[in-house]
Amino acid sequence: MKPSTFSALAAVILLVVTQHASVAAGRGPRVIIVGAGMSGISAGKRLADAGVRDVLILEATGRVGGRMHKHNFGGINVEIGANWVEGVEGKKVNPIWPMVNATLNLRNFLSDFDSVVSNVYKEKREWDRADEVEELGGKLASQMDPSGRDDISILAMQRLFNHQPNGPTTPVDMALDYFRYDYEFAEPPRATSLQNTEPLPTAADFGEDNHFVADQRGFEAIIYHIARQYLSSDRKSGNIVDPRLKLNKVVREISYNRKGVVVRTEDNSAYSGDYVIVSTSLGVLQSDLIQFKPQLPAWKIIAIYRFDMAVYTKIFLKFPTKFWPVGEGKQFFVYASSRRGYYGMWQSFEKEYPGANVLMVTVTDQESRRIEQQPDNQTKAEAVAVLRKMFPDRHVPDATDIYVPRWWSDRFFKGSYSNWPIGVNRYEYDQLRAPVGRVFFTGEHTSEHYNGYVHGAYLAGMDSADILMNSIFNKVGFKVRPKDDHQIIAEAK
Ligand SMILES: Cc1cc2nc3c(=O)[nH]c(=O)nc-3n(C[C@H](O)[C@H](O)[C@H](O)COP(=O)(O)OP(=O)(O)OC[C@H]3O[C@@H](n4cnc5c(N)ncnc54)[C@H](O)[C@@H]3O)c2cc1C
Ligand SMILES: *[C@@H]1O[C@H](CO)[C@@H](O)[C@H](O)[C@H]1NC(C)=O
Ligand SMILES: *[C@@H]1O[C@H](CO)[C@@H](O)[C@H](O)[C@H]1NC(C)=O
């Protein structure tokens, strides 16, 4: 979109008008929040708690929740976005956990990933060596300079300890390597930073356990729970009906100057405020959906482009009969293909939804992009063919239904979650979080330690609100830590 002189002029006039209005009313600052996912809703709550009640939340879609999204499939609500509370039973309490397991009592199941290694179809191989390599990688990472200047990729670490130029190469080794890394980060070990994932702050702080949420209210119920604490809702339906939340408002332009901001939406509305917090995904920031006027500074743009938006896709298949093994330790199973990442990670729902006959298979990265671009019946045919190879002795019927989420193609997401790539250190990551004038940023990708997770988005929302309030009320600006600041980085560990 080219800026037109007219809209620029209109923006200036609007700014002048709102400044007057705000002074006349003698109220607190007006903060516009772009996006009603976990981080935007959490930021709004933090502001409201601190007495900043004049917020306006503009959400592009027709719903609250963003990447937490339940979807009715084959008679049950499945989660097409976030599914697990990751990091439970550790030294600190994951803030999401008490909401899920106590306040809302969402049904959840501890995932038994330890059994995965015994559910590999077809051949079996030694898993111990890969464990050892990962452990050596963790030790190496802990000895690296805290600035991150010595960081290497996970693949480089594997080469170092295993002397395999391409990493694991047999189908079984590749499948288990995929389970260990891609299934978590949604990108291959070649892309992922060793130092920022070993140890993974989420596991190190909150624990190694992962709880799978399977509740008909959806994992998104926690976002509604937070929203209802400061936005009015309809008693009967539970829907948020507060005029401070506007759905179906696609933000296309954010103008900012020393006096305020004007946010314009696709339906040609303009909203003026004193500050804006942008909570859209990293993928959206990397696209041209939102134009900033003036353009964001080069350091900010580069930081946005250097970080990675990964793609993780959970495909759901419904069958007329059950043919997969069930029972203790059988929930997760792996297909070892000579094509790395080809319909590799499978999960059945017998515990969560007995009799639903639904399987979920997870693909990532290039496979996700490929599958998003093909018709679903093709994907169904491929997935069923894989199952027939895994279970040659059983009758594998055709799937009766399939659902393929398309996070990457969706212009409001452009991927599933951020992954920390090799080459980005603490310094650049701080730049990703840093405000530009009156424009503040939040979202899982800005979480200080937990990018990519629900708890990361939740904590980032609060942090970004604090950064904003610190700047308004205490005149304390956000500091990007210097490239070689050992002390601060060591403290953060
Ligand atoms: C498939 C998948 C699986 C995942 N699995 C897990 C998991 O198991 N455990 C876990 O902890 N995390 C998981 N995550 C990550 C987790 O869902 C996210 O980290 C978190 O929900 C992100 O919240 P957010 O507020 O940062 O962003 P979002 O949820 O993306 O919120 C941003 C909002 O901005 C809106 N928006 C975008 N563009 C505009 C615009 N131009 N104008 C107005 N509004 C706009 C969007 O519609 C969205 O509602 C998963 C994510 C995906 C996609
Ligand atoms: C979750 O809640 C249940 C029921 O209240 C409780 O028994 C269980 O110990 C909790 N789990 C964890 C890991 O805290
Ligand atoms: C998918 O559907 C299209 C159109 O109905 C059809 O032409 C195609 O052959 C189908 N593909 C598969 C693999 O069934």
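This structure is a prediction, so every number in the text was calculated from the model and none was measured.

Caption draft 1: Representation of the environment of threonine 202. With respect to the element layout, threonine 202 can be found in helix 7 (residues 201-206). Its relative accessible area of 3% is what places threonine 202 among the buried residues. Along the chain, threonine 202 and asparagine 451 lie 249 residues apart, while their C-alpha atoms are 9.1 Å from each other. Apart from residues no more than four positions distant in its own chain, threonine 202 is found in contact with Glu86, Gly87, Gly207, Tyr450, Tyr453 and His455. Engagement of the side chain of threonine 202 in a polar contact is seen with the side chain of histidine 455, the distance being 3.0 Å.

Caption draft 2: The site of ligand 1, seen in detail. Around ligand 1, 40 residues are found, and the nearest of them are Ser39, Glu59, Arg67, Glu444 and Val454. A distance of 2.6 Å separates an oxygen atom of ligand 1 from a polar atom in the side chain of glutamate 59. Between an oxygen atom of ligand 1 and a main-chain N or O atom of glutamate 444, the distance comes to 2.8 Å. Counting only elements with at least two residues in the shell around ligand 1, the list comes to helix 2 (38-49), strand 5 (84-88) and helix 14 (454-473). In the shell around ligand 1, the residues fall into 22 nonpolar, 13 polar and five charged.

Caption draft 3: Broad picture of the site of ligand 2. For ligand 2, the full set of nearby residues is Glu89, Trp97 and Asn101. At 2.2 Å, a side-chain N or O of asparagine 101 approaches an oxygen atom of ligand 2.

Caption draft 4: The arrangement of the pattern of salt bridges in detail. All told, the structure shown has 35 salt bridges when counted by the stated rule. With a shortest N-O distance of 2.9 Å, arginine 340 and aspartate 177 are connected by a salt bridge. With arginine 340 in the loop between strand 17 (332-335) and strand 18 (345-348) and aspartate 177 in helix 6 (residues 171-185), this residue pair connects regions lying 163 residues apart in the sequence. What makes arginine 340 partly exposed here is its relative accessible area of 27%. Residue classification places aspartate 177 among the buried positions, given a relative accessible area of 7%. Each of the salt bridges in this network shares a partner with another, and the network as a whole consists of Arg426, Asp430, Arg433, Glu448 and Arg481.

Caption draft 5: Just the pairing of strand 13 (residues 275-278), in detail. Alternating residues of strand 13 divide into Tyr275 and Ile277 and Val276 and Val278, and every residue in both groups is buried. Here strand 1 (residues 31-34) pairs with strand 13 via four bridges, running parallel. From the neighbouring strand, isoleucine 33 faces strand 13, where its bridge partner is isoleucine 277. Sheet topology places strand 13 next to strand 22 (residues 439-441); three bridges connect them, and they run parallel. Within strand 22, the residue paired with valine 278 across the bridge is phenylalanine 441.

Caption draft 6: Highlighting the sheet that holds strand 19 (residues 358-364). Pairing in this open sheet of six strands is mixed, and the strands run 7-17-18-19-16-20 from one edge to the other. Each edge of the open sheet carries a strand with a single partner, namely strand 7 (120-121) and strand 20 (401-403). Note that strand 18 and strand 19 share four bridges and pair antiparallel. Residue pairing across strands places tryptophan 346 opposite valine 361, the latter belonging to strand 19. Relative to strand 17, helix 12 (residues 376-390) is tilted by about 95 degrees, and along the sheet it contacts strand 7, strand 16 (312-318), strand 17, strand 18, strand 19 and strand 20.

Caption draft 7: Main features of the sheet that holds strand 5. Pairing is antiparallel in the open sheet, where three strands are placed in the order 5-8-6. The open sheet has two edge strands, strand 5 and strand 6 (108-110), and neither has a second partner. Adjacent strand axes in the sheet meet at a mean angle of 25 degrees when their direction is disregarded. Across four bridges, strand 5 lies against strand 8 (residues 209-213) in antiparallel orientation. When the sheet's bridge partners are listed, valine 88 is paired in strand 8 with aspartate 209. Running at roughly 115 degrees to strand 5, helix 3 (residues 96-103) makes contact with strand 5, strand 6 and strand 8 of the sheet.

Caption draft 8: How the structure looks around the nonpolar core. Counting residues in each nonpolar core, the largest one holds 65 residues, and the members touching the most others are Ile254, Val276, Phe292 and Phe349. With six residues, the single largest contributor to this core is helix 6. The contact partners of valine 276, leaving out residues within four places of it in the chain, are Ile32, Val34, Ile254, Val261, Val263, Arg438, Val439 and Phe440. Residues Val31, Leu106, Tyr450 and Ala465 belong to the second largest nonpolar core, which totals 58 residues.

Caption draft 9: The arrangement of the packing of helix 10 (residues 298-306) against helix 13 (residues 426-433) in detail. Where helix 10 meets helix 13, the closest approach of the two axes is 8 Å, and the angle between their N-to-C directions is 110 degrees. By the angle class used here, helix 10 and helix 13 are roughly perpendicular. Listed contacts from helix 13 to Trp299, Lys300, Ala303, Ile304 and Arg306 of helix 10 are Glu428, Gln431, Leu432 and Arg433. Of the residues contributing to the contact of helix 10 with helix 13, the split by class is four nonpolar, one polar and four charged.

Caption draft 10: Structural view of the packing of aromatic side chains. One pass over the structure, following the stated rule, counts 28 aromatic pairs. When the ring of phenylalanine 323 is compared with that of tryptophan 324, the centres are 4.9 Å apart and the planes differ by 80 degrees; the resulting orientation is edge-to-face. Judged by centre distance (6.0 Å) and plane angle (70 degrees), the rings of phenylalanine 323 and phenylalanine 391 are edge-to-face. In this pair, phenylalanine 323 sits in the loop between strand 16 and strand 17 while phenylalanine 391 sits in the loop between helix 12 and strand 20, placing the two residues 68 residues apart along the sequence. Judged by its relative accessible area of 4%, phenylalanine 323 is buried. Here the aromatic residues Trp84, Phe113, Phe179, Tyr183, Phe212, Tyr312, Phe332, Phe349, Tyr353 and Tyr417 are joined through ring pairs into a cluster of three or more. One Lys or Arg, lysine 300, reaches over the ring of phenylalanine 441 and ends 3.9 Å from the middle of that ring.

Caption draft 11: Seen up close, the UniProt feature "binding site: FAD" (unreviewed entry) in the protein. Following the UniProt record, the feature "binding site: FAD" (unreviewed entry) maps to Ser39, Glu59, Ala60 and Val251 here. Along the chain, alanine 60 falls in the loop between strand 2 (55-58) and strand 3 (70-73). Ignoring any residue separated from it by four or fewer positions in sequence, one finds alanine 60 in contact with Asn248, Lys249, Val250 and Phe412. Here valine 251 shows up in strand 10 (residues 251-256). When neighbours within four sequence positions are excluded, valine 251 is seen to be in contact with Val34, Leu58, Val263, Arg264, Thr265, Leu289 and Ile290.

The rules behind these values
- Residues numbered from 1 in each chain as written.
- Chains lettered and ligands numbered in written order.
- Predicted model: local features only at pLDDT ≥ 70, side-chain atom pairs only at ≥ 80, totals over all residues.
- Heavy atoms only, no water.
- Helix = DSSP H or I, 4+ residues; strand = E, 2+ residues; numbered from the N terminus.
- Buried < 20%, exposed > 50% of the residue type's maximum accessible area, 1.4 Å probe, protein only.
- Contact = heavy atoms within 4.5 Å.
- Polar contact = N/O pair within 3.5 Å; in protein donor to acceptor, adjacent residues only side chain to side chain.
- Near = heavy atom within 4 Å.
- Nonpolar A, V, L, I, M, F, W, Y, C, P; charged D, E, K, R; others polar.
- Salt bridge = Lys/Arg side-chain N within 4 Å of Asp/Glu carboxyl O.
- Pairing = 2+ DSSP bridges.
- Axes fitted to C-alpha atoms, helices over the stretch in contact; angles between N-to-C directions.
- Core = buried A, V, L, I, M, F, W, Y, C linked by side-chain atoms within 4.5 Å.
- Parallel < 35°, antiparallel > 145°, perpendicular 65-115°, else oblique.
- Phe/Tyr/Trp six-rings, centres within 6.5 Å; stacked < 30°, edge-to-face > 60°.
- Lys NZ or Arg CZ within 6 Å of the ring centre and 35° of its normal.
- UniProt positions renumbered as here; feature names shortened; annotations may be inferred.

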